[in-house]
Amino acid sequence: MTTEQVVAQHYTHGSLEGAILDAVAASGKDMQRLEPADLAPVDEFHIGGRQATVDFAGQFGVSRGMRLLDVGSGIGGPARYFAHEHGCHVTGIDLTEEYVRVAEALTRRVGLAERVSFRHGSALSLPFDANSFDGAYMLHVGMNISDKPALFAEVRRVLKPSGVFGIYDVMRTNDGDLTFPVPWAARPDSSFLADVATYRRMLEGAGFAVERERERRAFAIDFFRQMRARFAASGPPALGLHIVMGADFSRKIANMLATIEAGIIAPIEIIARAP
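Below is a short write-up of the structure. (Residues numbered from 1 in each chain as written. Predicted model: local features only at pLDDT ≥ 70, side-chain atom pairs only at ≥ 80, totals over all residues. Heavy atoms only, no water.)

What follows concerns the nonpolar core. Within the largest apolar cluster, 64 residues are counted, with the highest numbers of intra-cluster contacts made by I20, F60, L68, F82, Y137, W184 and I265. If we skip the residues at most four places from it in the chain, I265 touches V170, M171, R172, T173, L178, W184, L193, M256, T259 and I260. (Core = buried A, V, L, I, M, F, W, Y, C linked by side-chain atoms within 4.5 Å. Buried < 20%, exposed > 50% of the residue type's maximum accessible area, 1.4 Å probe, protein only. Contact = heavy atoms within 4.5 Å.)

This is the structure we're talking about:
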């Protein structure tokens, strides 16, 4: 089995669309009048959820009418956010076939299918022409990709001149071992963490100029502490990332948070620009 197959298998749920829709209904949402924000508790699969996406958009410099590529688009939360809140046209690509199907179904339900589309495929071989997009971004994706130079070269190829590339990934901030499973991998053989200096060097090698970086460790710790407090008070909500992450959700989160608190990893934003 290839690494990409291992990664896709890790994220495959099997009956994800039904589980999400059942949870949406149980949370009291009107199934006939769903808004993109109604899905935010379950479709923002990265540290900080919707708030992290909003913060990232501010760093990214998004503007109305941009054509964006969402690399590793998951079930489509950020793509729908950029389309609905900022008037962008977004194309997502993801390795996990089920995620693509669910992303398409949820996008139709919130009335955004004319502005948001999804493709099943690899970020290392993007099925798009050169100079196709004004910008690209990836949120918690690089941890599953070992060949980051090839990834960044592909993103550079499909961006227009002066196109922006935003990254929000979990990166190494110190030496130390991870305890598995974590949200992005069940085993070490599909986890490829790198530090911010390595990202910067590889981005520059692909022709990007890095404009700014921001570590979000304190934000992450606060996010998870608030999550634990809510769970302790009232248990998991009907609609949440535990649906996407499966039965070992708590263990994955605990392992990741312990490593963040130990200073070994942190979520970090990088904004780069093509020449």
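Here we come to the layout of surface pockets. Here the largest pocket is characterised by a volume of approximately 660 Å³. If you go around the largest pocket, you meet 43 residues; those closest to its centre are Y11, G72, H140, V141 and N144. Across the lining of the largest pocket, the residue classes break down as 25 nonpolar, 13 polar and five charged. Here the second largest pocket defines a volume of roughly 420 Å³. In this structure, the second largest pocket is lined by 21 residues; those nearest its centre are P41, R230, P237, L239 and G240. Those elements giving two or more residues to the lining of the second largest pocket turn out to be α3 (40-43), α4 (49-60) and α9 (217-234). (1 Å grid on protein atoms, 1.4 Å probe; cavity = no way out; pocket = protein on both sides within 12 Å on 5 of 7 lines; lining within 4 Å. Points joined across faces, edges and corners; volume = space filled by probe spheres on them. Nonpolar A, V, L, I, M, F, W, Y, C, P; charged D, E, K, R; others polar. Helix = DSSP H or I, 4+ residues; strand = E, 2+ residues; numbered from the N terminus.)

Evaluation of the coordinates by the stated rule reveals 14 aromatic pairs. Seen from their ring centres, F56 and F60 are 5.6 Å apart, and the 25° between their planes marks the pair as stacked. Pair noted here: F56 and F60 are both in helix α4, with a separation of four residues, about one helical turn. A relative accessible area of 1% means that F60 is categorised as buried. Feature note: the residues F56, F60, Y81, F82 and Y137 constitute an aromatic cluster, connected by ring pairs. (Phe/Tyr/Trp six-rings, centres within 6.5 Å; stacked < 30°, edge-to-face > 60°.)

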